[in-house]
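Chain by chain, the residues run as shown.
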Amino acid sequence: MITAATGAIALVVAPVAREYGLDYFIVTVLLGGLIQIVLAALGVAKLMRFIPRSVMVGFVNALAILIFISQLPQLFDVPWMGYPLVVVGLLTMYLMPRITKVIPAL
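Presented here is an overview of the structure given in this document. On a predicted model such as this, the values are computed, not experimentally measured, just so you know. (Residues numbered from 1 in each chain as written. Predicted model: local features only at pLDDT ≥ 70, side-chain atom pairs only at ≥ 80, totals over all residues. Heavy atoms only, no water.)

**Description of the overall build of the protein**
Argument step 1. Across its full length, the protein holds 4 helices and 0 strands.
Argument step 2. Along the protein, helices (α) and strands (β) appear in the sequence α-α-α-α when read from the amino end.
Argument step 3. Taken over C-alpha atoms, the radius of gyration comes to 18 Å for the protein, far larger than the 13 Å a tight globule of 106 residues would show.
Argument step 4. Taking the principal axes of its C-alpha atoms as reference, the protein extends roughly 50 × 35 × 20 Å.
Argument step 5. Within the protein, the fraction of its 106 residues that count as buried is 7%.
Argument step 6. In the protein, once contacts between residues fewer than 6 apart in sequence are set aside, the share between residues at least 24 apart is 46%.
Argument step 7. When the accessible surface of the protein is totalled, it reaches about 8,900 Å², and 75% of it is carbon and sulfur. (Helix = DSSP H or I, 4+ residues; strand = E, 2+ residues; numbered from the N terminus. Rg over C-alpha atoms; globule rule 2.2 N^0.38 Å. Buried < 20%, exposed > 50% of the residue type's maximum accessible area, 1.4 Å probe, protein only. Contact = heavy atoms within 4.5 Å. Areas by Shrake-Rupley, 256 points an atom, 1.4 Å probe, with all protein chains shown as cover.)

Here's what the structure looks like:
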């Protein structure tokens with residue numbers, strides 16, 4: 001599971017690292033962290049209450065779709081044992097919450 005801020009950073013830094021290398025990757029992460037610290041110090045988090053819940057849920061769902069799509073190419077051309085493991089993982093995410101609440105649902 002991933003939070004909105006972490007997911008947004010992950011979607012930005014991966015292409016930066018691939019296209020520009022480790023130097024720009026480090027600068028991007030540090031700059032992103034600095035921006036978050038400045039916004040926290042200014043109290044911008046109070047403005048979050050004006051963003052509707054449906055917008056936040058939509059953002060996180062779109063983020064999940066983007067992460068899923070970016071991971072799809074890793075699923076092709078793998079040994080056959082990888083596919084049953086994917087099925088077991090998906091079944092665990094969907095069926096375990098019906099059995100016990102110890103493992104969080106999707």
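After presenting the structure, the write-up continues.
**Thoughts on unusual backbone geometry**
Argument step 1. Phi angles above zero are rare outside glycine, and aspartate 77 is one such case at about 60°.
Argument step 2. Among the secondary structure elements, aspartate 77 is positioned in the loop between helix 3 (53-71) and helix 4 (82-99).
Argument step 3. Overall, the relative accessible area of 80% leaves aspartate 77 in the exposed class.

**Focus: helix 2 (residues 22-42)**
Argument step 1. Helix length check: helix 2 (21 residues) gives 30 Å between terminal C-alpha atoms against 30 Å at 1.5 Å per residue, within 8%.
Argument step 2. Immediately beyond the C-terminal end of helix 2, within one or two residues, lies glycine 43, with a positive phi of roughly 80°. (Expected span 1.5 Å × (residues − 1).)

Function cannot be inferred from these measures alone, as they are strictly geometric.
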